[in-house]
Amino acid sequence: MRKLNTIFSVILIVIFLLHGIFGSLQLLRVNVNFPGKTLGWIGMAVLAAHTVIGVILTIQTLRASKKNGDNYIKQNALFWTRRASGLAILILIFFHIGTYGAKINGNFVLFEFTTVKLIAQLLLIVALFVHIFVNVKPLLMAKGVIKHKERRVDIFLILSVLVLFFSGAVIFYYIMWQV
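Read on for an overview of the structure. (Residues numbered from 1 in each chain as written. Predicted model: local features only at pLDDT ≥ 70, side-chain atom pairs only at ≥ 80, totals over all residues. Heavy atoms only, no water.)

## Thoughts on the packing of helix α1 (residues 2–27) against helix α5 (residues 115–142)
For any two helices packed against each other, one specifies the inter-axial angle together with the distance between the axes. Where we set the bar: The convention used is that axes are lines fitted to C-alpha atoms, helices contributing only their stretch in contact, and that angles between N-to-C directions extend from 0 to 180 degrees. Secondary structure counts use DSSP, requiring at least four H or I residues in a row for a helix and at least two E residues in a row for a strand, with both numbered from the N terminus. An angle below 35 degrees is read as roughly parallel, one above 145 as roughly antiparallel, one from 65 to 115 as roughly perpendicular, and any other as oblique. With the far helix as reference, a near helix turned anticlockwise by less than a right angle produces a left-handed crossing, and one turned clockwise produces a right-handed crossing. It only takes one pair of heavy atoms within 4.5 Å for two residues to be counted as in contact. Only Asp, Glu, Lys and Arg are considered charged, only Ala, Val, Leu, Ile, Met, Phe, Trp, Tyr, Cys and Pro nonpolar, and every remaining residue, Gly among them, polar.
Axis separation between α1 and α5 bottoms out at 11 Å; the angle between their running directions is 135 degrees. One finds that α1 runs oblique with respect to α5. Here α1 and α5 pass one another in a crossing that is left-handed. Of the residues in α5, those in contact with Thr6, Ser9, Val10, Ile13 and Phe16 of α1 are Leu128, Phe129, Ile132, Leu139 and Ala142. For the contact of α1 with α5, the per-class residue count stands at eight nonpolar, two polar and no charged.

Dropping the structure here:
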């Protein structure tokens, strides 16, 4: 089950990055013809499967910890950071769906981009990247990719640049609504 969840994780990262890059380009008024919404819904299906497996694995871990009388799980900050960031993503993703607009009678209509929507989108970006950051090392280890610390550092650098790009695009879009 962990191997399947690892595969879902890789698929989700690719979908998230593509959706984020092309969505950010659209927010920056770069006309791209990319099926971002379709990709987003495919991502939602994979996310649902990833979530179910994650919950099952969490329950198994908590039961095993309780049986062994091991208090380590209470002190394991990474374990709880993974769960908390995953839960935050699940909550914030519902604020993301339909935030920017929708098709009404065959026409795409933009919705006003308010301060609350800006905050929700920035929190989603942060939650996604925290979740990826705390899970990238075990993901790379599971895939046999990680052999040197430098590879992790390179990935963290790339993800950090993408966080700035995505956040900058959302902030730019917000500013354009205020002007």
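## Some details on helix α4 (residues 77–96)
Where we set the bar: For a helix, the expected span equals 1.5 Å multiplied by the residue count minus one. Burial status follows relative accessibility: with a 1.4 Å probe on protein chains alone, a residue under 20% of its type maximum counts as buried, one over 50% as exposed, and anything between as partly exposed. Counting of polar contacts relies on pairs of N or O atoms within 3.5 Å, with two restrictions inside protein: one atom must be capable of donating a hydrogen and the other of accepting it, and residues adjacent in sequence are counted only when both atoms are side-chain atoms.
Over its 20 residues, α4 runs 27 Å from end to end, which matches the ideal 28 Å to within 8%, given 1.5 Å per residue. Listed in full, the buried residues belonging to α4 are Phe79, Ser85, Gly86, Ile89, Leu92 and Ile93. N-capping of α4 is provided by Asn76, with a side-chain oxygen placed 3.3 Å from the backbone N of Leu78. One or two positions beyond α4, positive phi appears at Gly98, with a value near 75 degrees.

## Thoughts on the pairing of strand β2 (residues 107–110)
Put simply, the test is: At least two DSSP bridges between two strands are needed for those strands to be called paired.
Inspection of the sheet shows strand β1 (residues 101–104) paired to β2 by four bridges, in the antiparallel sense. Each bridged residue has a counterpart across the sheet, and for Lys103 the counterpart in β2 is Phe108. Taking the residues that link successive antiparallel strands as the turn, the β1-β2 hairpin has two residues, and the phi of Asn105 there is positive, at about 55 degrees.

## Here we look at the packing of aromatic side chains
To describe a pair of aromatic rings, one takes the distance between the centres and the angle between the planes. To keep it simple, the criterion reads: For Phe, Tyr and Trp, rings pair up if their centres lie within 6.5 Å, where Trp contributes its six-membered ring, and each pair is then called stacked (planes under 30 degrees apart), edge-to-face (over 60) or tilted (otherwise).
In this structure the tally under the stated criterion is 13 aromatic pairs. With a centroid separation of 5.3 Å and 65 degrees between ring planes, the pair formed by Phe16 and Phe129 is classed as edge-to-face. Of this pair, Phe16 sits in helix α1 while Phe129 sits in helix α5, and the two are 113 residues apart along the sequence. Under the relative-accessibility criterion, Phe129 is labelled buried at 1%.

## Overview of α5
Our working rule: To get the bend at a residue, fit one axis to the 7 residues ending there and another to the 7 starting there, then take the angle between the axes.
Helix length check: α5, at 28 residues, gives a terminal C-alpha distance of 40 Å against a target of 40 Å (1.5 Å per residue), a fit within 8%. Along α5, the helix axis deviates most sharply at Val136, where the bend reaches about 45 degrees; the proline Pro138 sits within four residues downstream.

## Some details on the nonpolar core
What counts, and what does not: Among buried residues, those of type Ala, Val, Leu, Ile, Met, Phe, Trp, Tyr and Cys that are joined through side-chain atoms within 4.5 Å constitute a nonpolar core.
Core analysis: the biggest nonpolar cluster contains 22 residues, and Phe16, Phe113, Phe129 and Val170 have the highest contact counts within it. Contributing elements (two or more residues each) for this core: α1, α4, α5 and α6 (149–178). At eight residues, the largest contribution of residues to this core is made by α6. Within the second largest apolar cluster, seven residues are counted, among which are Leu12, Leu47, Leu57 and Ile93.

## Quick notes on the side chain of Thr99
With respect to the helices and strands, Thr99 occurs in the loop between α4 and β1. Owing to a relative accessible area of 3%, Thr99 belongs among the buried residues under this scheme. Within the local environment of Thr99, its side chain forms a polar contact with the backbone oxygen of His96, the two atoms lying 3.1 Å apart.

## Considering unusual backbone geometry
In this structure, Arg29 takes a positive phi of about 70 degrees despite not being glycine. Taking the relative accessible area as the measure of exposure, Arg29 reaches 61% and is therefore exposed. For Asn105, which is not a glycine, the phi torsion comes out positive at approximately 55 degrees. Relative to the elements of secondary structure, Asn105 occurs in the loop between β1 and β2. The class of Asn105 is exposed, set by a relative accessible area of 77%.

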